[in-house]
Amino acid sequence: MFRLSRWAPALLAVALVVAVVFLSPRPDRQPRIREEASEKHGPSGSLQALDIWSAQRAYPNPVVPDVGHALAFAQVRALRGAGSGIDDSVDPWSSIGPNNIGGRTLALAVRPDDTDVIFAGSASGGLWKSTTGGVGADAWDLVETGHPVSAVGAIALDPLDPDVM
């Protein structure tokens, strides 16, 4: 039978501390791939272009606040309802749909009870619906989501009630 000495718990504690100290990553030992590449070659052209693009949209602030876009969208909606003279039926932007050059489709959902009804979500073109199984020149209609973004990355239909998305 194996018998532990009275020093076994102390030795186990020391071994545990040594393992934690030597095996856990330290901040000064973390890889600095991004910083070293930036120091060696300078920032990429893509990063510089993105910084310029962001700075133009954030002016006069240095960055766009996290809640800025959603608050601006809510303010425009409130102004349209406040009799400001903005005609809600006139949209300065109009989608030309999937009849032009195709874009990136990120998500598809087919109604299980009617397979002619298909929803398609695009990377920057919004949510689209077809009632013809996608067949025909005028098969797709834009679905207004009421959200301030046009990217649709996922679509889920409730299996018990396909009218709920």
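Look a little higher up for the structure.
Residues numbered from 1 in each chain as written. Predicted model: local features only at pLDDT ≥ 70, side-chain atom pairs only at ≥ 80, totals over all residues. Heavy atoms only, no water.

Q: Mind showing me how you'd approach the overall build of the protein here?
A: Secondary structure assignment for the protein yields four helices and four strands. Secondary structure of the protein in N-to-C order comes out as α-α-α-α-β-β-β-β. Counting only residues that meet the buried cut, the protein has 13% of its 165 residues in that class. Accessible surface for the protein amounts to roughly 13700 Å². Of this, 61% is attributable to carbon and sulfur atoms. (Helix = DSSP H or I, 4+ residues; strand = E, 2+ residues; numbered from the N terminus. Buried < 20%, exposed > 50% of the residue type's maximum accessible area, 1.4 Å probe, protein only. Areas by Shrake-Rupley, 256 points an atom, 1.4 Å probe, with all protein chains shown as cover.)

Q: Teacher, can you tell me more about the side chain of S122 here?
A: Secondary-structure assignment places S122 in strand β2 (residues 118–122). Of the residues examined, S122 reaches a relative accessible area of 12% and is grouped as buried. Setting aside anything within four residues of it in sequence, one finds S122 in contact with R104, T105, L106, W128, S150, A151 and V152. (Contact = heavy atoms within 4.5 Å.)

Q: Looking at this model, I keep getting lost on the pattern of salt bridges. Mind explaining?
A: Note that side chains of opposite charge can pair when their charged atoms are close. Counting across every chain of the model gives two salt bridges. We note a salt bridge from R111 to D113, for which the minimum N-O separation is 2.9 Å. One salt bridge in this structure joins D163 and R111, with 2.7 Å as the shortest N-O distance. On the criterion of sequence distance, the pair formed by D163 in the segment after β4 (140–143) and R111 in the loop between β1 (105–110) and β2 is long-range, its members being 52 residues apart. The exposure class of R111 is buried, given its relative accessible area of 14%. (Salt bridge = Lys/Arg side-chain N within 4 Å of Asp/Glu carboxyl O.)

Q: I keep staring at the nonpolar core and nothing clicks. Help me out?
A: When a protein is soluble and globular, its nonpolar side chains tend to lie buried together. Counting residues in hydrophobic clusters, the biggest one holds eight residues: A107, A109, V117, F119, L127, V152, I155 and L157. When sequence neighbours within four positions are dropped, the list of residues in contact with A107 reads F119, A120, G121, G153, A154 and I155. (Core = buried A, V, L, I, M, F, W, Y, C linked by side-chain atoms within 4.5 Å.)

Q: Teacher, can you tell me more about the side chain of S130 here?
A: As for its position among the elements, S130 is in strand β3 (residues 127–130). For S130, the side chain forms a polar contact with the main-chain nitrogen of T132, separated by 3.2 Å. Of note is the side chain of S130, whose polar atom sits 3.2 Å from the backbone oxygen of A139. (Polar contact = N/O pair within 3.5 Å; in protein donor to acceptor, adjacent residues only side chain to side chain.)

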